[in-house]
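Here's the letter readout for the chains.
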Amino acid sequence: MEVLELRNGLKVIFSQLKGVNILACSVFVPRGSAFEPVEKAGITSLSLKTAFKRSLKRNTLEFSKIQEVYGTPFVPDVSNDYLNVRFQIVPEGLDKYLELFKEVLEAPGFVEDSFSVEKETLLAAIRSRKENPFALAFERMTFLTYGGTPYEALAYGTEESVKNINLEDVKSWFKNLFLLKGTVFSFSGKLNKKEKEKIVEFLENLETKEKKESLNFEKKIESNREVTVKREGSHQSFIMIAVNAPSVFGKDYAAYKLLNTLLGEGIGSVLFQELREKRGFAYSTGSLFPSRKCAGRLFFYIGTSKEKEEEVKKALIELKENLVKFITPESVKRAKEFFKGNFGLDHETRMKKSWYLGFWEVMGKKASFDKEILELIDSVSVSKLKEVAERIASEPYHMVVVKDG
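None of these values were measured; they are calculated from a predicted model.

Rules used throughout
- Residues numbered from 1 in each chain as written.
- Predicted model: local features only at pLDDT ≥ 70, side-chain atom pairs only at ≥ 80, totals over all residues.
- Heavy atoms only, no water.
- Buried < 20%, exposed > 50% of the residue type's maximum accessible area, 1.4 Å probe, protein only.
- Helix = DSSP H or I, 4+ residues; strand = E, 2+ residues; numbered from the N terminus.
- Arc of directions from axis to C-beta.
- Contact = heavy atoms within 4.5 Å.
- Polar contact = N/O pair within 3.5 Å; in protein donor to acceptor, adjacent residues only side chain to side chain.
- Salt bridge = Lys/Arg side-chain N within 4 Å of Asp/Glu carboxyl O.
- Axes fitted to C-alpha atoms, helices over the stretch in contact; angles between N-to-C directions.
- Parallel < 35°, antiparallel > 145°, perpendicular 65-115°, else oblique.
- Pairing = 2+ DSSP bridges.
- Left-handed = near helix turned anticlockwise from the far one by under 90°.
- Nonpolar A, V, L, I, M, F, W, Y, C, P; charged D, E, K, R; others polar.
- Phe/Tyr/Trp six-rings, centres within 6.5 Å; stacked < 30°, edge-to-face > 60°.
- Lys NZ or Arg CZ within 6 Å of the ring centre and 35° of its normal.
- Core = buried A, V, L, I, M, F, W, Y, C linked by side-chain atoms within 4.5 Å.

**Q** Honestly, helix 7 (residues 167-177) in this entry has me stumped. Any pointers?
**A** Each α-helix turn comprises 3.6 residues. Residues three or four places apart therefore point the same way. Residues L167, D169, V170, W173, F174 and L177 constitute the buried set of helix 7. Considered in projection along helix 7, the buried side chains sweep an arc of 145° and stay on one side of the axis. On its buried face, helix 7 is in contact with strand 3 (23-29), helix 1 (43-51), strand 5 (83-89), helix 3 (94-106) and helix 4 (112-128). The N-capping residue of helix 7, defined by a side-chain oxygen 3.1 Å from the backbone nitrogen of E168, is N166.

**Q** Would you take a moment to explain the pattern of salt bridges for this structure?
**A** Side chains carrying opposite charge are able to pair once their charged atoms draw close together. Summed over the entire model, instances satisfying the criterion amount to 29 salt bridges. Ionic pairing is found between K40 and D169, a salt bridge with its closest N-O pair at 2.8 Å. Taken together, the positions of K40 in the loop between strand 3 and helix 1 and D169 in helix 7 put the pair 129 residues apart, joining distant regions of the chain. On the accessibility criterion, K40 (24% relative accessible area) is partly exposed. Note that K366 and E361 form a salt bridge whose closest N and O atoms lie 3.9 Å from each other. A residue is classified by how much of its surface remains accessible, and E361, at 5% relative accessible area, is buried. Several salt bridges converge on common partners, so that one network encompasses K251, D252, K384, E387 and R391.

**Q** Hey, could you run me through the packing of helix 1 against helix 7 in this one?
**A** To characterise two packed helices, one gives the angle between the axes of the helices and the distance between these axes. Relative to each other, helix 1 and helix 7 sit at 90°, their axes nearing to 9 Å. Regarding the angle of helix 1 to helix 7, the classification is roughly perpendicular. Together, I43, T44, L46, S47, L48 and A51 of helix 1 and D169, V170, W173, F174 and L177 of helix 7 make up the contact between the two elements.

**Q** I keep staring at the sheet that holds strand 5 and nothing clicks. Help me out?
**A** Within the open sheet, the 6 strands sit side by side as 1-2-6-3-5-4. Their pairing is mixed. One side of each edge strand has no neighbouring strand; the edge strands of this open sheet are strand 1 (2-5) and strand 4 (75-78). Between one strand axis and the next, the sheet turns by 15° as a mean value, whatever way the strands run. Both strand 3 and strand 5 contribute to a ladder of 7 bridges, which runs antiparallel. Bridge assignment links C25 to a residue of strand 5, and that residue is F87. Here helix 1 sits on the sheet and contacts strand 4 and strand 5; the angle it forms with strand 4, its principal contact strand, is near 175°.

**Q** Where do I start with the side chain of E159 in this structure?
**A** Counting through the fold element by element, E159 comes out in helix 6 (residues 159-163). On the basis of relative accessibility, which here comes to 18%, the residue E159 falls in the buried class. A polar contact of 3.0 Å, which involves the side chain of E159, links it to the side chain of R127. At a separation of 2.7 Å, a polar atom in the side chain of E159 contacts the side chain of K130. For E159, the residues in contact, after removing those within four places along its chain, are L123, I126, R127 and K130.

**Q** What is the right way to look at the packing of helix 1 against helix 4 in this model?
**A** Running from amino to carboxyl end, helix 1 crosses helix 4 at an angle of 135°, the nearest separation of the two axes being 9 Å. When the axis of helix 1 is compared with that of helix 4, the two are oblique. Between helix 1 and helix 4 the crossing geometry is right-handed. Contacts between helix 1 and helix 4 involve L46, K49 and T50 from the former and S114, F115, E118, K119 and L122 from the latter. Class assignment for the residues of the contact of helix 1 with helix 4 results in 3 nonpolar, 2 polar and 3 charged.

**Q** Please clarify how the environment of F143 should be interpreted in this entry.
**A** Looking at where F143 falls in the secondary structure, it is placed in helix 5 (residues 133-146). With residues near it in sequence (within four places) discarded, F143 still touches E152, L154 and T158.

**Q** I tried to follow the side chain of S114 on my own but got confused; where do I start?
**A** Counting through the fold element by element, S114 comes out in helix 4. On the basis of relative accessible area, S114 is assigned to the buried category, the value being 15%. The contact partners of S114, leaving out residues within four places of it in the chain, are T50, R54, T60 and G109.

**Q** Got a minute to help me understand the packing of aromatic side chains in this structure?
**A** Any aromatic ring pair is given by two values, namely how distant the centres are and how the planes are angled relative to each other. One pass over the full model with this rule turns up 30 aromatic pairs. Taking the centre distance of 5.7 Å and the plane angle of 50° together, the rings of Y253 and F289 count as tilted. In this pair, Y253 sits in helix 9 (residues 253-264) while F289 sits in the loop between strand 9 (284-288) and strand 10 (296-305), placing the two residues 36 residues apart along the sequence. In this pair, the class of Y253 matches that of F289, namely buried. Note that R31 overlies the ring of W173, its terminal NZ or CZ placed 5.0 Å from the centroid.

**Q** Please explain the pairing of strand 1 as it appears in this structure.
**A** The side chains of a regular strand alternate between the sheet's two faces. Bridge count between strand 1 and strand 2 (residues 11-16): 4 bridges; the pairing is antiparallel. In the strand pairing of strand 2, E2 is matched with F14. Hairpin connection of strand 1 to strand 2: 5 residues between the antiparallel strands, including G9 at a positive phi of 95°.

**Q** Explain the nonpolar core to me, please; I cannot follow it from the model alone.
**A** Counting residues in each nonpolar core, the largest one holds 57 residues, and the members touching the most others are L259 and L385. Of all the elements, helix 9 adds the most residues to this core, at 8 residues. If sequence neighbours within four positions are ignored, L385 has contacts with A255, L258, L259, L262, I327, V332 and V380. L23, L46, L98 and F185 belong to the second-largest nonpolar core, a separate cluster that totals 53 residues.

Here it is, written out as structure tokens:
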């Protein structure tokens, strides 16, 4: 693996892979939804979806025909801390894709027809999330646990915020995104010396902008709070709890990653075994620990019948408060093996390999952290996990309940 820092502030990662002659690329810009005004949340996502469908030099059909021959469409995505655009190509399509990418930067396809289609598509996706109890719970939890911070804005926005966005808004917003210094281009696949030089030359000739804003805030859960979301006609109650957790820079980041696996990943996890298998409470259950540059959270959740809601809420809180008793040498060993297995499966494709290398780099942990994290996970001791579990037991929580209204 090579990591190059170019004169204009861009970074390039080359990861050489043998086998299939396909090149994957993930572009990470260090500016995500956390930088959006709440009243226009979703503007980054809408800007990207509109811009990368075509350029003003080619219509949508001309744009897509090149992609059909040489690779995949540009796929944009937005998180709190970054935005990502990814694609795959065959080597002979390298010149064509670099040309398309440059066209989007210089003359993005901001025309009213394309914008209207993307806006309506995004609004439809937002409305459809109301049918998903997990999505409803996570949205409400975001407002509850990150209210008043940059993480409050949803990456895809709300119906109200997206309706506020017009074509001129996305035009000006897009200019603020590309290309910021610190943007990472991560390539995985077969690349010879000449192809690497071509990519570096192309990127060094791009104009970049200073990244003026940066994220640096703390937001701790300081008291227990519970919020109810009404969902008419629902046949289940969905309960989600959030507890304090570290950022990617926290000294216990790896320990929380491992605890998340132990707690809620796989059929051997604590939540699955204790609340579903032994007590028959759960339709679905699990946990997640998203990586964040600032205030982290560990979430765990359960879907249950309406009749068992109060009993399950009590059991979930009791599990949180007694988590330490589930930390045993056997459960820690299972969690480590499960984490490593998932890690391997999630790194099988070129696309995912390029994504992870770029992700760690833009998050400030460096691309090399993609290997280091396995060593860190392996070094987490039973006593360290017990210490973390005791901390979680003693700290307050936020709870969201989605139920029939």
